[in-house]
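So the chains spell out like this:
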Amino acid sequence: MDIMLFHSAYGLRPAVLAAAERLRTAGHRVWTPDLFDGRVHDSAEEGRAYKDEVGVDELLKRAIVAAAPHSERGLVYAGFSLGAAIAQNLALGDEKARGLLLLHGTSDIAEHAHVEDLPVQLHVADPDPFEPHDWLTAWYLRMGRAGADVEVHRYPGAGHLYTDPDLPDHDEEAADRTWRAALGFLEALGEAEGPE
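All figures in this text were calculated on a predicted structure; none of them were measured in a lab.

As a further point, take the nonpolar core. Most often, soluble globular proteins keep nonpolar side chains buried together rather than apart. Ranked by size, the top nonpolar core spans 36 residues in total, and within it Phe6, Tyr77, Ile86, Leu100, Val120 and Met143 carry the most contacts. When contributions to this core are tallied by element, the ones reaching two or more residues are β1 (2-6), α2 (44-54), α3 (56-67), α4 (82-92), β4 (99-103), β5 (118-126), α5 (133-146) and β6 (148-156). Ranked by the residues each element gives to this core, the list is headed by α4, at seven residues. Other than its neighbours up to four places away in sequence, Met143 contacts Gln88, Leu92, Leu100, Ile109, Val120, Ala148 and Val150. Of all hydrophobic cores here, the second largest spans 23 residues; its members include Ile3, Leu5, Leu23 and Leu101.

Below, the structure written as structure tokens:
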């Protein structure tokens, strides 16, 4: 599969590049665009402040520009936290999207959003202060109405960005379970697609 993997508000950290390598080792082509122009942040607060300074519209524009050269073949959009929200926006606007892999984040869904059985897998801490239960329930229902085929994996006791081994949120067991499920999801997408 061709995967466009977007970083979190921390920036293009080593964990994102390591995730991309893990996906490449499994046989996928992966791109990791740097939406922050080389800036990496030491705290979520710094990252969110920079995100607000740049603006979500500009970040989405940068993401679209990064994906455009590869989108004709059909991309799986993926991302971490803020990157997941960006990935969701792009996937719901790309009729050629093959799938959506959301790690630690979701986004608002436009009223007119419509996809044809888009496979979606979400991995999220439980509880997660950035993705509360009421929000996720409403999100799940809205994604279903938009035509997505959604599965949600919750990880009790994990921190928000639990897949990043360099952050206090890290939960090794939850991260391992996440990657096993994510790789299975991507493998199933490849099988559904058939040989190239």
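Picking up after the structure, the text goes on.
For the rest of this paragraph, the subject is the pairing of β1. A large share of β1 lies buried, amounting to five of its five residues. Alternating positions in β1 separate into two faces, Asp2, Met4 and Phe6 on one and Ile3 and Leu5 on the other, with burial throughout. Sheet topology places β1 next to strand β2 (residues 29-31); three bridges connect them, and they run parallel. Bridged to Ile3 within β2 is Val30. Assessed by its sense of winding, the connection that carries the chain from β1 through helix α1 (residues 14-25) to β2 is right-handed. As paired strands, β1 and strand β3 (residues 76-80) are joined by four bridges and run parallel to one another.

Each pocket or cavity is described by its volume, and for the largest pocket that value is around 490 Å³. If you go around the largest pocket, you meet 24 residues; those closest to its centre are Lys51, Ser81, Leu82, Ala85 and Phe130. Elements that contribute at least two residues to the lining of the largest pocket include exactly α2, α3 and α4. Considering each element in turn, the lining of the largest pocket owes the most residues, four residues, to α4. Taken together, the residues of the lining of the largest pocket break down into 11 nonpolar, eight polar and five charged. Looking at the second largest pocket, it is lined by 18 residues, and the ones nearest its centre are Ala15, Thr163, Asp164, Pro165 and Trp179. Looking at the lining of the second largest pocket, the elements that each hand over two or more residues are α1 and α6 (172-193). At five residues, the largest contribution of residues to the lining of the second largest pocket is made by α1. Across the lining of the second largest pocket, the residue classes break down as nine nonpolar, four polar and five charged.

What follows deals with the side chain of Arg13. Residue placement: Arg13 occurs in the loop between β1 and α1. Classification of Arg13 by relative accessible area gives buried; the value is 11%. At 2.8 Å, the side chain of Arg13 forms a polar contact with the side chain of Asp164. Every residue in contact with Arg13, bar those within four places of it in the chain, is listed here: Val40, His41, Asp164, Asp166 and Leu167.

Here is what the cut-offs are and how they apply
Residues numbered from 1 in each chain as written. Predicted model: local features only at pLDDT ≥ 70, side-chain atom pairs only at ≥ 80, totals over all residues. Heavy atoms only, no water. Core = buried A, V, L, I, M, F, W, Y, C linked by side-chain atoms within 4.5 Å. Buried < 20%, exposed > 50% of the residue type's maximum accessible area, 1.4 Å probe, protein only. Helix = DSSP H or I, 4+ residues; strand = E, 2+ residues; numbered from the N terminus. Contact = heavy atoms within 4.5 Å. Pairing = 2+ DSSP bridges. Right-handed = clockwise from strand over helix to strand, strands pointing away. 1 Å grid on protein atoms, 1.4 Å probe; cavity = no way out; pocket = protein on both sides within 12 Å on 5 of 7 lines; lining within 4 Å. Points joined across faces, edges and corners; volume = space filled by probe spheres on them. Nonpolar A, V, L, I, M, F, W, Y, C, P; charged D, E, K, R; others polar. Polar contact = N/O pair within 3.5 Å; in protein donor to acceptor, adjacent residues only side chain to side chain.

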